[in-house]
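Structural characterization, general
Take a look at the letters that make up each chain.
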Amino acid sequence: MEKEEQTIAKESKPWADEKGMVLEPPKTASTPSWFTPKRLLFIFCVINLINYLDRGAIASNGVNGSERTCNKSGSCTPGTGIQGQFNLSNFEDGVISSAFMVGLLVASPIFATLAKSVNPFRLIGVGLSVWTIGVIGSAASWNFWSITIARMLVGVGEASFISLAAPFIDDNAPAAQKTAWLGIFYMCIPTGYAIGYIYGGLVGDHFNWRYAFWGEAILMFPFVVLGFTMKPLQLKGFAPAESKKALTQVETAASEDIEVEIGNSGAASTKEDFGDKKLYKPAKVKGANKTSNQFVRFMKDMKVLMLDKVYVTNVLGYVAYNFVIGAYSYWGPKAGKNIYNMSNADMIFGGVTVVCGILGTITGGFVLDFMTNTIPNAFKLLSMTTFIGAAFCFGAFCFKSMYLFLAFFAIGEFLVFATQGPVNFVCLHCVNPSLRPLSMAMCTVATHLFGDVPSSPLVGVLQDHIHNWRETALILTSILFPSAGIWFIGVFLNSVDRFNEESEREVNRTPLLESKTAERKESSAQS
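Everything numeric here is computed off the predicted structure, so don't read it as measured data.

1. Description of the overall build of the protein
Each helix and strand counted, the protein has 23 helices and 2 strands in total. Counting every position in the protein, which comprises 527 residues, the buried fraction comes to 53%. Partitioning the intrachain contacts of the protein with sequence separation of at least 6 by distance along the chain shows that 81% fall at a separation of at least 24. Looking at the protein as shown, the accessible area adds up to about 23800 Å², and 64% of this sits on carbon and sulfur atoms.

2. Focus: helix α21 (residues 469–477)
Trp469, Thr472, Ala473, Leu474, Leu476 and Thr477 are the residues of α21 that are buried. Contacts made by the buried residues of α21 are with α15 (309–340), α17 (375–396), α20 (436–466) and α22 (480–490). Of the residues that open α21, the one with a side-chain oxygen 3.0 Å from the backbone nitrogen of arginine 470 is asparagine 468.

3. Describing the nonpolar core
One finds Phe44, Phe185 and Phe405 to be the most contacted residues of the largest nonpolar core, which totals 110 residues. In terms of residue count, α15 provides more of this core than any other element does, 16 residues in total. If near-sequence neighbours (up to four positions away) are discounted, phenylalanine 185 is found in contact with Leu41, Phe44, Cys45, Asn48, Phe161, Ala165 and Ile169.

4. Description of the pattern of salt bridges
Overall, the coordinates contain 2 salt bridges when judged by the stated rule. Between arginine 151 and aspartate 54 there is a salt bridge, and its shortest N-O distance comes to 2.5 Å. Pair noted here: arginine 151 is in helix α7 (residues 144–172) and aspartate 54 is in helix α2 (residues 37–59), with a separation of 97 residues, a long-range link. Residue class for arginine 151 comes out buried when judged on its relative accessible area of 1%. Taking the shortest distance from any N to any O, the salt bridge between arginine 55 and glutamate 158 comes out at 2.4 Å.

5. Considering the UniProt feature "transmembrane region" (unreviewed entry) in the protein
According to UniProt, the positions carrying the feature "transmembrane region" (unreviewed entry) are residues 95–114, 121–142, 181–199, 211–230, 310–331, 347–371 and 473–493. Helix makes up 86% of residues 121–142 and strand 0%, and the two end C-alpha atoms of the span are 34 Å apart. Along residues 181–199 the backbone is 95% helical and 0% strand, and the end-to-end C-alpha distance reaches 26 Å.

6. A short note on the state of the cysteines
One pass over the structure, following the stated rule, counts 0 disulfides. Here cysteine 427 stays unpaired: no disulfide links it, and the sulfur of cysteine 443, its closest cysteine neighbor, is 3.6 Å away.

7. Quick notes on the packing of aromatic side chains
For the coordinates displayed, the defined rule picks out 20 aromatic pairs. Ring centres 5.9 Å apart and planes at 50 degrees place the aromatic pair phenylalanine 161 and phenylalanine 185 in the tilted group. With a gap of 24 residues between them, phenylalanine 161 in helix α7 and phenylalanine 185 in helix α8 (residues 178–186) connect regions that are remote in the sequence. For phenylalanine 161, a relative accessible area of 1% puts it in the buried group. The exposure class of phenylalanine 185 is buried, given its relative accessible area of 3%. When the centroid spacing of 5.6 Å and the interplanar angle of 70 degrees are considered together, the rings of tyrosine 328 and phenylalanine 409 count as edge-to-face. Of this pair, tyrosine 328 sits in helix α15 while phenylalanine 409 sits in helix α18 (residues 402–417), and the two are 81 residues apart along the sequence. One aromatic cluster is present, built from ring pairs that chain together Tyr328, Tyr340, Phe397, Phe405 and Phe409.

8. Here's the deal with the side chain of threonine 444
Positionally, threonine 444 belongs in helix α20. A polar contact of 2.8 Å, which involves the side chain of threonine 444, links it to the backbone oxygen of methionine 440. Once you skip the residues sitting within four places of it in the chain, threonine 444 turns out to touch Leu104, Leu105, Ser108 and Ile162.

9. Description of the packing of α15 against α17
Running from N to C, α15 and α17 point in directions that differ by 25 degrees, and their axes come no closer than 13 Å. Between α15 and α17, the angle falls in the class roughly parallel. Crossing angle aside, the handedness with which α15 passes α17 is left-handed. Listed contacts from α17 to Val310, Asn314, Tyr328 and Tyr340 of α15 are Ile375, Phe379, Leu382, Cys393 and Ala396. Tallied by class, residues from the contact of α15 with α17 come to 8 nonpolar, 1 polar and no charged.

10. Quick look at unusual backbone geometry
With a phi angle near 55 degrees, asparagine 87 is a residue other than glycine that sits in the positive phi range. Residue placement: asparagine 87 occurs in the loop between α4 (81–85) and α5 (90–114). Classification of asparagine 87 as exposed rests on a relative accessible area of 54%. One non-glycine residue with positive phi stands out, namely threonine 372, at about 90 degrees. Counting through the fold element by element, threonine 372 comes out in the loop between α16 (345–371) and α17.

11. Quick word on the packing of α7 against α8
Running from amino to carboxyl end, α7 crosses α8 at an angle of 145 degrees, the nearest separation of the two axes being 9 Å. The interaxial crossing formed by α7 with α8 has right-handed handedness. Only Lys178, Trp181, Leu182, Phe185 and Tyr186 of α8 make contact with α7, whose side of the interface consists of Phe161, Ala165, Ala166, Ile169, Asp170 and Asn172. In the contact of α7 with α8, the residues fall into 8 nonpolar, 1 polar and 2 charged.

12. What to know about the environment of proline 167
Topologically, proline 167 is positioned in helix α7. Considered as a pair, proline 167 and serine 439 are 272 residues apart in the sequence and their alpha carbons are 9.9 Å apart.

13. Some details on the confidence of the model for the protein
Scored by pLDDT, the protein comes out at a mean of 76, with 75% of its residues at no less than 70. Under a pLDDT of 50 for its full length, residues 1–33 has, in the predicted model, 35 contacts with residues more than four places off or in other chains. Of the regions scoring below 50 in pLDDT, residues 504–508 engages in 19 contacts with residues more than four places distant in sequence or in other chains.

14. Points about the side chain of asparagine 314
Considering the arrangement of structural elements, one finds asparagine 314 in helix α15. Residue asparagine 314 is classed as buried on the basis of its relative accessible area, which comes to 0%.

15. A word on the environment of leucine 40
Tracing the backbone through its elements, the reader meets leucine 40 in helix α2. Leucine 40 sits in the buried class, given a relative accessible area of 2%. In sequence terms leucine 40 and alanine 165 are 125 residues apart; their C-alpha atoms lie 9.6 Å from each other.

Cut-offs and rules
Residues numbered from 1 in each chain as written. Predicted model: local features only at pLDDT ≥ 70, side-chain atom pairs only at ≥ 80, totals over all residues. Heavy atoms only, no water. Helix = DSSP H or I, 4+ residues; strand = E, 2+ residues; numbered from the N terminus. Buried < 20%, exposed > 50% of the residue type's maximum accessible area, 1.4 Å probe, protein only. Contact = heavy atoms within 4.5 Å. Areas by Shrake-Rupley, 256 points an atom, 1.4 Å probe, with all protein chains shown as cover. Polar contact = N/O pair within 3.5 Å; in protein donor to acceptor, adjacent residues only side chain to side chain. Core = buried A, V, L, I, M, F, W, Y, C linked by side-chain atoms within 4.5 Å. Salt bridge = Lys/Arg side-chain N within 4 Å of Asp/Glu carboxyl O. UniProt positions renumbered as here; feature names shortened; annotations may be inferred. Disulfide = S-S within 2.5 Å. Phe/Tyr/Trp six-rings, centres within 6.5 Å; stacked < 30°, edge-to-face > 60°. Axes fitted to C-alpha atoms, helices over the stretch in contact; angles between N-to-C directions. Parallel < 35°, antiparallel > 145°, perpendicular 65-115°, else oblique. Left-handed = near helix turned anticlockwise from the far one by under 90°. Nonpolar A, V, L, I, M, F, W, Y, C, P; charged D, E, K, R; others polar. pLDDT = per-residue confidence, 0-100.

Listed below in C-alpha cells is the structure:
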C-alpha cells in the first residue's frame, strides 16, 4: 500500500523525485531576443582580441622597452619602457610576461567548477571585471612587484573567459562549421598579439607605456557592463543555476541520508513538515558539505580527463607547441631587432603575425570542416601542419638575409597557426558536454604551466648565457618537432566524438541557431 501511495503521489506531481519531494520543473532558458549566433561569436571575438592585444602590448618594444646598457668606458645609456624604468634583467622581464599566467592557472579550474552552480555567462562578466582592474593596476604600478601582482589579476580575470567562451561557441555554431567558428574565435590570438605589438609600439614611443594599459581598460569596460546586464545564456550539459535541479546537484551525501531516514520513518509525511527548519543541519555544516561535495565532483571529473588518452595526447602536443609560441610572442620583436637590425621590429613582426595568424587560423578551421570535422582528422591536420611549419620557421632563422627570413617565417607561421581550430575542437569533442569547461580550463592550465609560463623566462636565461639571439631562436624552434610527433600518435588512438552524449546534468535547451530558425518559421506561418 505504501508503495502504491508513493507512486500515485509521483504521478500527480510530475516533478517529484524518487523520494516524493516536490521539485520545480527545470526552466528552459528563454533566448535573449538581441542575441544571434553570429553576434555572440562577434562579441566573444572582440573580447578575445582585447585579451591578446594586452599580451602583445606588454611584449612590444614600445611598452616593454629595453634594459640599461653601459660601455667599457663606463658611460651608460638609460633603459626604456617597463624594463628600463624598473631596471629589470631579462629574467625579471620574462617573469612579468608569465606573471598573469599564475592567476590564470589558479582561477581556471575554479571558474570551470563554479559553472555548475553559477550561470557561466555571469562568470564571464565577473572575470572581465577583474581583468579590467588588473590592467588599471599595471598602468599604475611603481616597481617590479606591483606590476607582477597586477599581471596576476589580469590572469585571474581572463580565466573565466578562456574556460567558458569556447563551449558557448561550440553550442551555437552550425554542425558543419564548428571548427571554422572556433578557428575564427582563435584567430584573435595571433591577431590580438600583432595589433598589440603595433599598438604598444605607437603608444609607448609617442606617449608613455602606461597609457597603453589605460587604453585597454577603456576598451574592455563596455563588455564588463554587457556581462552583467544582458540576459544570461545557458550552456549545454548544465541545468539553469536558478532551478531546483541545479541546486540538488550540490546536495551532500550526508543530507541525502537524512532525507531517506526522514522518509522511512514517516516523520515528514507532508510538505509542511518537511519544510520545518528543525529537520535540517545548521547552515554552516550544510555549506561545508556542499563545498566538500563540489571538491569530490571536481576530483572525479579530473580523473575522467586524466584517463582519457585522446585528451592527454592532445594536451601534451599543445604544451610543446605553446612553449615555442609563447616565447615567440614575447621575445620575437626583440630577437628580430637584434638578429636582423630591424628598425621597426614591432611593426614588422606585428604585420607578419596578423596576416599569417588570420589566414592560418581560419584556413585550419575550414580545412578540417572540409575533411569532415572528426577527431582523427584533427590529429592528422595538427601533426602535418606543425611539422612542415616547424621546418620553415627553423630554416628562416638560418638565413642572414632579412627578406628570406621574413618569407620563410611567414609561411611557417601560417602553417603553425592552422592548429588553433583543430586542437580546441579535440578538447571540446573528446569529452562529455558537461566536462567541456573543465576540459578547456585544464588544457589552459597545462599548456601555460608547462608551456609559455616557463618558456619566456627560460629563453631569457638562455640568451643571458649564450648572448646569441639566432642560436636561441633555433634551439627554441626545434621544440615544435616533438609537438608534431605527439599529435601524430593521436591519429592511431581509438577516439569517440562525445558532443551528443547526454549528460546527467542535461536540460532541455535550444541553441541560439535553432531558436532563431524556429522563430523565423513561426513568424512565416503566422503571416
